[in-house]
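Inside the fold
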Amino acid sequence: MLAVHFGAGNIGRGFIGALLSKAGYETVFVDVNGELIDQINERRKYTIELAGSKESFEVTNIAGINSVTNQEDVVAMVAKADLITTAVGPHILPKVAPLIAEGLKERTETVNVIACENMIGGSDLLKEHVLKHLDEEFESRVVKLTGFPNAAVDRIVPDQTHENPLKVTVEPYFEWVVDSSNLKGEKPGIGGMTLVDDLTPYIERKLFTVNTGHAAAAYLGNYYGHQTIHQAMSDSGILSKIKGALHESGDVLIKKYGFTKETHGKYIETILSRFANPDLSDEVTRVGRAPIRKLGPKDRLVRPAVEYIEWNKEIPIHLVEVIAAVLVYEQDQDPEAVELQSLIKEQGYKEALQEVAQLSEDHPLLEAVEKQF
Ligand SMILES: NC(=O)c1ccc[n+]([C@@H]2O[C@H](COP(=O)([O-])OP(=O)(O)OC[C@H]3O[C@@H](n4cnc5c(N)ncnc54)[C@H](O)[C@@H]3O)[C@@H](O)[C@H]2O)c1
Ligand SMILES: O=P(O)(O)OC[C@@H](O)[C@@H](O)[C@H](O)[C@H](O)CO
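Owing to the predicted nature of the structure, the values given are computational and were not obtained by experimental measurement.

Regarding the UniProt feature "binding site: NAD(+)" (unreviewed entry) in the protein
UniProt's feature table lists "binding site: NAD(+)" (unreviewed entry) at Ala3, Val4, His5, Phe6, Gly7, Ala8, Gly9, Asn10, Ile11, Gly12, Arg13 and Gly14, given in the numbering used throughout. Topologically, asparagine 10 is positioned in helix 1 (residues 10-22). Residues within four places of asparagine 10 in sequence aside, it is in contact with Phe15, Val157, Pro158, Asp159, Gln160, Val168 and Arg286. Tracing the backbone shows arginine 13 in helix 1. Residue classification places arginine 13 among the buried positions, given a relative accessible area of 4%. Leaving out residues up to four positions away in the same chain, arginine 13 has contacts with Ala8, Ala18, Phe29, Leu36, Tyr46, Ile48, Pro165, Leu166, Lys167 and Val168. At 2.6 Å, the side chain of arginine 13 and the backbone oxygen of alanine 8 are in polar contact.

Structure (C-alpha cells):
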C-alpha cells in the first residue's frame, strides 16, 4: 500500500507518517524543502521519541520527492497512491492543489485525500482548490472517484532541535478523527485513526479547546515575557486566564453538543496537563504563529467568542483578553505578525480586528476588545 503525504514537517513526520508506517504503508513524503527530502532519501528511516518516556520507535519504508524540482514524480505518485494526506498548513493547501489535481486526473480507481490541518473543513477547502484545476470532464470523474473526508488531528509536535534532522520528539498523546461519511471505496485500516459519522463535534471540541487554550498560553505568555508554553503554564496568573478562556469556549461546546460539564471539565484538565508537560519544549512563537489566521472568523478565538456572546448575551472576558494579546503580538520572523502590526498602524486596533475577523462594524466583541486596551 502506498501513501503520499504532503508536508514532511513536524506533524507530517511526527504523527501522520508514523501512523501510516505502523499501518504498513510505504510512505512517500512530498515537500518543497529539498534538504529535508534529500535526508529522507538518504536515510530511508527516522526515529520518533515520545517525550517524557524512554520509548522510541523507527519509522521505515519511506521516500521523499521534492515538489519544486520533481513535479512529474509527484503527479505519478498521486496517480497510483492508495491514500493521500497533507499537513502543510491551511495557507499552503492552494499550492499543493495543482499537483494533486494532475495526479487525480490520471486515476481510474477510488482514493481518499485527507487534509490534516488545524481548521474546520480542511479537506473541503482542498477539494475546492483541486477542482479549480480541472475542466468539466475531469471534474466529474475526479469527484466520483475521490473522497475528501475532513479530519481533526491532535498531537503536540514542537519545532525540533535534534542533530539528526529527521528525528522527531512528540508528546505521547494523539488523536486522528476522520469523517467516514465522505470516504470513498474501502475504509483505510490505520491503527490510531478513528472514523466517525459526524466530525463537527470532534473538530470543534479540539480546535476550541486544545487550540484555544494553546493560543491563550502563547499570546498571554508572550505578553508577560515568557518564551515557552511550559513557562506560561507555570505562571499562575496566566494559567487562571487560560482556564477562564477554556471555560468560556467550553460553555459554548457544552451547549451546542451536549457534552456534560464533568466530561468536558476532564477533557480540559487533560489538555492543560499536556501543555504543562515539562519534557516538551514548545516555543510561544510556534504556537502563536500566523496570528491573522488565528483571528479568522472560524478559528480558535473569534468563533468561540462570537458564539459565547450569541448564547449568553454576555462578553467572554478571558477570550477578549487573549484577542487583545494577539493584537499586540510582535514577531519580526512571522510574516503574518508583521502584516497584522502594519494593518494596526494604518487602521487602528478595532478596525484591524474587524477586518481580519470579518465582524460587523457594531459587533459587541469589537467594543469589548477596545475596552480591554
Ligand atoms: N505541530 C503540531 O503540533 C500540529 C498538531 C496538529 C496539527 N498541526 C497542523 O499540521 C499542519 C502542519 O503543521 P506543522 O507543525 O507540521 O508545520 P511544519 O512547518 O513543521 O511543516 C509543514 C511542512 O510543509 C512543507 N511545505 C510548505 N509548502 C509546501 C508545499 N507547497 N508542498 C509540500 N510541502 C510544503 C514545509 O516545508 C514543512 O516541511 C498545520 O496545519 C498545523 O496546524 C500541527
Ligand atoms: O498549528 P497551528 O498554528 O494551527 O496552532 C499551533 C498549535 O496550537 C498546534 O500546532 C498544536 O500544537 C496542535 O494543534 C496540537 O494538536
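The rest of the description comes next.
Some points on the environment of valine 320
Tracing the sequence through the fold places valine 320 in helix 14 (residues 317-327). With relative accessibility at 2%, the residue valine 320 sits in the buried group. Along the backbone, valine 320 and threonine 285 are 35 residues apart, and their C-alpha atoms lie at a distance of 20 Å.

Details of the sheet that holds strand 9 (residues 151-154)
Across the sheet, three strands lie side by side as 9-11-12; this open sheet has mixed pairing. The sheet terminates laterally at strand 9 and strand 12 (193-196), the two strands that pair on one side only. Neighbour-to-neighbour, the strand axes of the sheet open up by a mean angle of 15°, direction not taken into account. As paired elements, strand 9 and strand 11 (residues 175-179) share four bridges and run antiparallel to each other. Among the inter-strand pairings, alanine 151 is bridged to a residue of strand 11, identified as valine 178.

As for a negative patch on the surface
Together, Asp135, Glu136, Glu137 and Glu139 make up a negatively charged patch on the protein surface. For glutamate 137, the position within the fold is in helix 6 (residues 136-145). Under the relative-accessibility criterion, glutamate 137 is labelled exposed at 56%.

Let's talk about the sheet that holds strand 10 (residues 168-170)
Pairing within the open sheet is mixed, and its three strands lie in the order 4-3-10. The sheet terminates laterally at strand 4 (56-59) and strand 10, the two strands that pair on one side only. Averaged over all neighbouring strand pairs, the angle between strand axes comes to 25°, with direction disregarded. Two strands pair when backbone bridges link them, and strand 3 (residues 46-50) and strand 4 are joined in this way by four bridges, in the antiparallel orientation. Along strand 4, the bridge assignment pairs tyrosine 46 with valine 59.

Observations concerning helix 16 (residues 349-357)
Taken residue by residue, helix 16 has Ala352, Leu353, Val356 and Ala357 as its buried positions. Angularly, the buried residues of helix 16 cover 110° about the axis, an arc narrow enough to put them on a single face. For helix 16, the elements touching its buried residues are helix 12 (291-294), helix 13 (302-312), helix 14, helix 15 (335-347) and helix 17 (364-372).

Concerning the packing of aromatic side chains
Enumeration over the complete set of coordinates arrives at seven aromatic pairs. For the ring pair tyrosine 219 and tyrosine 329, a centre distance of 5.1 Å and an interplane angle of 85° mean the geometry is edge-to-face. Here the residue tyrosine 219 occupies a position in helix 7 (residues 200-223), and tyrosine 329 occupies one in the loop between helix 14 and helix 15, the gap between them amounting to 110 residues. Judged by relative accessible area, which is 0%, tyrosine 219 ranks as buried. The class of tyrosine 329 is buried, set by a relative accessible area of 0%. Three or more aromatic residues link up through ring pairs in this structure, and these residues are Phe15, Phe174 and Trp176. Cation over ring: lysine 22 sits above phenylalanine 57, and NZ or CZ is 4.0 Å from the ring centre. A cation over an aromatic ring shows up here: arginine 205 above the ring of tyrosine 267, its NZ or CZ 3.9 Å from the ring centre.

Concerning the side chain of asparagine 150
Along the chain, asparagine 150 turns up in the loop between strand 8 (146-147) and strand 9. The class for asparagine 150 is buried, based on a relative accessible area of 11%.

Concerning the site of ligand 2
Taken together, the neighbourhood of ligand 2 is formed by 14 residues, with Asn118, Asp154, Lys206, Arg289 and Lys294 sitting nearest. Taking lysine 206, its side chain carries an N or O atom lying 2.7 Å from an oxygen atom of ligand 2. A distance of 2.8 Å is found between an oxygen atom of ligand 2 and a side-chain nitrogen or oxygen belonging to arginine 293. Look at ligand 2: alone it shows 400 Å² of surface, and the protein chains cover 94% of it. Those elements that provide at least two residues to the shell around ligand 2 are strand 9, helix 7, helix 11 (284-287) and helix 12. If you tally residues by element for the shell around ligand 2, the top one is helix 7, at three residues. The residue inventory of the shell around ligand 2, partitioned by class, reads three nonpolar, three polar and eight charged. Counting contributing residues, the shell around ligand 2 receives three or more from each of domain 1 (2-198) and domain 2 (201-372).

Conventions adopted
- Throughout this document, residue positions are counted from 1 along each chain, in the order its sequence is written.
- All chains are assigned letters beginning at A, and all ligands numbers beginning at 1, according to the order in which they are written.
- Per-residue local features are limited, in this predicted model, to residues with pLDDT of at least 70; the limit for side-chain atom pairs, both in listing and counting, is 80 or more; totals at the level of whole chains, interfaces and linings are taken over all residues.
- Working from all heavy atoms in the structure, the side-chain values ignore hydrogens and water.
- UniProt positions are given in the numbering used here, feature names are shortened, and annotations may be inferred rather than shown by experiment.
- For the purposes of this entry, the term helix denotes a DSSP run of H or I that reaches at least four residues, the term strand denotes a run of E that reaches at least two, and both are numbered from the N terminus.
- Whether two residues are in contact is decided by their heavy atoms: any pair within 4.5 Å suffices.
- Buried residues are those whose accessible area, probed at 1.4 Å on protein chains only, stays under 20% of the maximum for their type, while exposed residues exceed 50% and partly exposed ones sit between those limits.
- Under this definition, polar contacts are N or O atom pairs within 3.5 Å; protein pairs additionally need one hydrogen-donor-capable and one acceptor-capable atom, and for neighbouring residues in sequence, both atoms have to be side-chain atoms.
- Strands were regarded as paired on the criterion that DSSP finds at least two bridges between them.
- Axis angles are defined between N-to-C directions and span 0 to 180 degrees, where every axis is a line fitted to C-alpha atoms and, for a helix, only to the segment in contact.
- Each patch is built from salt-bridge-free residues with over 30% relative accessible area, joining like charges within 9 Å and nonpolar side chains (Val, Leu, Ile, Met, Phe, Trp, Tyr) within 5 Å.
- The Shrake-Rupley method, run with a 1.4 Å probe sphere, supplies the accessible areas, and residue values consider only the shown protein chains as cover.
- By definition, a salt bridge exists where a carboxyl oxygen of Asp or Glu is found within 4 Å of a side-chain nitrogen of Lys or Arg.
- Charge assignment in this entry is limited to Lys and Arg as positive and Asp and Glu as negative, and neither His nor the chain termini are counted.
- Charged groups are reduced to one reference atom each: NZ for lysine, CZ for arginine, CG for aspartic acid, CD for glutamic acid.
- This arc is built from the directions going out from the helix axis to the C-beta atoms.
- Aromatic pairs are defined between Phe, Tyr and Trp rings, using the six-membered ring for Trp, whenever the two ring centres lie within 6.5 Å; interplanar angles under 30 degrees are classed as stacked, those over 60 as edge-to-face, and all others as tilted.
- Each ring is checked for a lysine NZ or an arginine CZ that lies within 6 Å of its centre and within 35 degrees of its normal; such an atom marks a charge sitting over the ring.
- Working definition: residue near molecule or strand if any one of its non-hydrogen atoms lies within 4 Å of it.
- Only Asp, Glu, Lys and Arg are considered charged, only Ala, Val, Leu, Ile, Met, Phe, Trp, Tyr, Cys and Pro nonpolar, and every remaining residue, Gly among them, polar.
- Residue ranges for the domains originate in an automatic or database domain assignment.

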